[in-house]
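Descriptive structure summary
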Amino acid sequence: MRLLSNTFRSIKPHSSIKSKSSPSPLPVCRISPAKSNSSSRSRSWCVYLILSTNAPIKTYVGVTNNFSRRLKQHNGDLKGGAKASRAGRPWICACLIQGFSDQSEACEFESKWKSLSRKLPRNRKNDDSTKDSINGSHALLQHRQTALSRVKGSLNCSHLDINWKLNPF
């Protein structure tokens, strides 16, 4: 079995993964009053897609205003990662979408992307491909990209910066 880092050159091996025994709260979108500060651009809201690098290979879509902190939480390096992201650690960034005007807009986008991903049929002809980390990763990323294309067709996304870190093709 080839490592994901051989296929996706941006992946760096994760040196240590800590195991946590206490449950973490699931991420919830809450609307809070906007804070005006000088670092508001660096703390702007983003929607992200992460990919697991260990079995079971899967993806996770989330929203945050601090992606580097959130990724550390998903990987167990900081307290607070989602329970759904415990299996498959470590996680890597597959896509980062920035430019949302506020948390509400980012949460709406995240919800739409997740919803369309669930509704979209998946090609499950070859169940072995999902067990193979390379083929499974590509299939999952292609599925999410197709759903993202549909989101872009239903919402105004012209102001958003969609940056794929991993090529789904």
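Just above sits the structure.
Okay, so let's go over this structure.

Conventions and cut-offs
Residues numbered from 1 in each chain as written. Predicted model: local features only at pLDDT ≥ 70, side-chain atom pairs only at ≥ 80, totals over all residues. Heavy atoms only, no water. Core = buried A, V, L, I, M, F, W, Y, C linked by side-chain atoms within 4.5 Å. Buried < 20%, exposed > 50% of the residue type's maximum accessible area, 1.4 Å probe, protein only. Helix = DSSP H or I, 4+ residues; strand = E, 2+ residues; numbered from the N terminus. Contact = heavy atoms within 4.5 Å. Phe/Tyr/Trp six-rings, centres within 6.5 Å; stacked < 30°, edge-to-face > 60°.

Looking now at the nonpolar core. Within the largest apolar cluster, 25 residues are counted, with the highest numbers of intra-cluster contacts made by Val47, Leu49, Leu51, Ile97, Phe100, Phe109 and Trp113. Secondary-structure elements contributing two or more residues to this core are β1 (46–52), β2 (59–64), β3 (91–98), α3 (103–119) and α5 (133–154). Residues within four places of phenylalanine 100 in sequence aside, it is in contact with Trp45, Cys46, Val47, Glu105, Ala106, Phe109 and Leu160. By size, the runner-up hydrophobic cluster in this structure holds ten residues, among which are Cys46, Tyr60, Leu71 and Leu96.

Attention shifts here to the packing of aromatic side chains. Using the criterion set out here, one finds four aromatic pairs in the structure. Relative to tryptophan 113, the ring of phenylalanine 109 lies with its centre 6.2 Å away and its plane at 70°, an arrangement referred to as edge-to-face. Linking phenylalanine 109 with tryptophan 113, this pair stays in helix α3, spanning four residues, or about one helical turn. Take phenylalanine 109: its relative accessible area is 2%, and that puts it in the buried class. Overall, tryptophan 113 belongs to the buried group, its relative accessible area being 0%. The structure contains a cluster of three or more aromatic residues connected by ring pairs, namely Tyr48, Tyr60 and Phe67.

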